[in-house]
Amino acid sequence: MVPVLFLLPLFWSGKAAWLCERSSVAVLDFYRYHNVDDYHSLVNRNLGDALGEFNYICQMHDTGLYKHKLLSHWRVSVNTSWGPYAVCNQLLGRRRCWGTLNGHVGRELAIGDTGTGQCTANSRIGSWFSFPEEGQCPNGQDVGFQGCTWGHAQRVRTISAACVLDARGLGQRCNGDTAASIDAATASILVQAFAPSGCRAFAPPHVVDGAPPPPPPPPGQYI
């Protein structure tokens, strides 16, 4: 069943802005494809679940730039009352997110119509997320403290994108009908690439706020 939405008295880009009516806190896994020098933070950045981020990687695959890129696995405590997805990028030397709602983590369907999938399962294609700076919890504080929406961010492991796409063969799934070739099995292979027995770690694990890492989600749960 699709979660019920509730309307906030805020308008963004000419449209009413909504939050998903869940209001629970969960520890979830996220993934990010990025430049070599950008593995240290997820503030004002876009990430995906395993399926969603691999769909994004496939969109970039034909350029061949992946050979010089990295993939990072993050584990984060989040308020799952998702807000609208916000595009995060660098402008005039500073990273920003456009279209956030009161600091809530944004969410949308990984590919397809922009702005859809905020509160739906997205189990076939995956989801993309935005992590606005204004929603980040102060160091050591739990989600909900003074209204913060995400925190205890732990970068579990960073690996080479080439290892995932070439050595583990996932690049072959980027050819042809992307949506049809990327499935739960693909997500599983991607997740396994981050295991100690998988691709070589580029940098050691890192906890952003110095707090102990949260427990992992149940096996097989991606988001």
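## Here we look at the environment of Ser41
Item 1. Position of Ser41 among the secondary structure elements: in the loop between strand E3 (25-34) and strand E4 (45-48).
Item 2. Polar contacts involving the side chain of Ser41 include one to the main-chain amide nitrogen of Val43, which spans 3.1 Å.

## Points about helix H1 (residues 50-61)
Item 1. Taking 1.5 Å of rise per residue, the 12 residues of H1 would be expected to cover 16 Å, and the 16 Å separating its terminal C-alpha atoms lies within 8% of that figure.
Item 2. Most of H1 sits out of view: 9 of its 12 residues are buried.
Item 3. Turning to H1, its buried residues are Ala50, Leu51, Gly52, Glu53, Phe54, Asn55, Ile57, Cys58 and His61.

## A short note on the state of the cysteines
Item 1. Within the structure shown, the criterion is met by 5 disulfides.
Item 2. Here Cys137 connects covalently by a disulfide to Cys148, the sulfurs 2.1 Å from one another. Its S-S torsion of approximately 85 degrees makes the covalent link between Cys137 and Cys148 right-handed. On the criterion of sequence distance, the pair formed by Cys137 in the loop between strand E10 (127-131) and strand E11 (150-160) and Cys148 in the loop between E10 and E11 is long-range, its members being 11 residues apart. Per residue, the accessibility class of Cys137 equals that of Cys148, and both read buried.
Item 3. Within the chain, bonded cysteines paired by disulfides and numbered along the sequence follow the pattern 1-5, 2-9, 3-4, 6-7, 8-10.

## Observations concerning helix H4 (residues 184-193)
An α-helical turn contains 3.6 residues, so a residue and the one three or four places further along point in the same direction.
Item 1. Restricting attention to buried positions, one finds in H4 the residues Thr186, Ala187, Leu190 and Ala193. Summarising the axial view, the buried residues of H4 lie within an arc of 115 degrees, below the 170-degree limit, and thus occupy one face.
Item 2. The opening residue of H4 is Asp183, an N-cap whose side-chain oxygen sits 3.2 Å from the backbone nitrogen of Ala185.

What counts and how
Residues numbered from 1 in each chain as written. Predicted model: local features only at pLDDT ≥ 70, side-chain atom pairs only at ≥ 80, totals over all residues. Heavy atoms only, no water. Helix = DSSP H or I, 4+ residues; strand = E, 2+ residues; numbered from the N terminus. Polar contact = N/O pair within 3.5 Å; in protein donor to acceptor, adjacent residues only side chain to side chain. Expected span 1.5 Å × (residues − 1). Buried < 20%, exposed > 50% of the residue type's maximum accessible area, 1.4 Å probe, protein only. Disulfide = S-S within 2.5 Å. Arc of directions from axis to C-beta.

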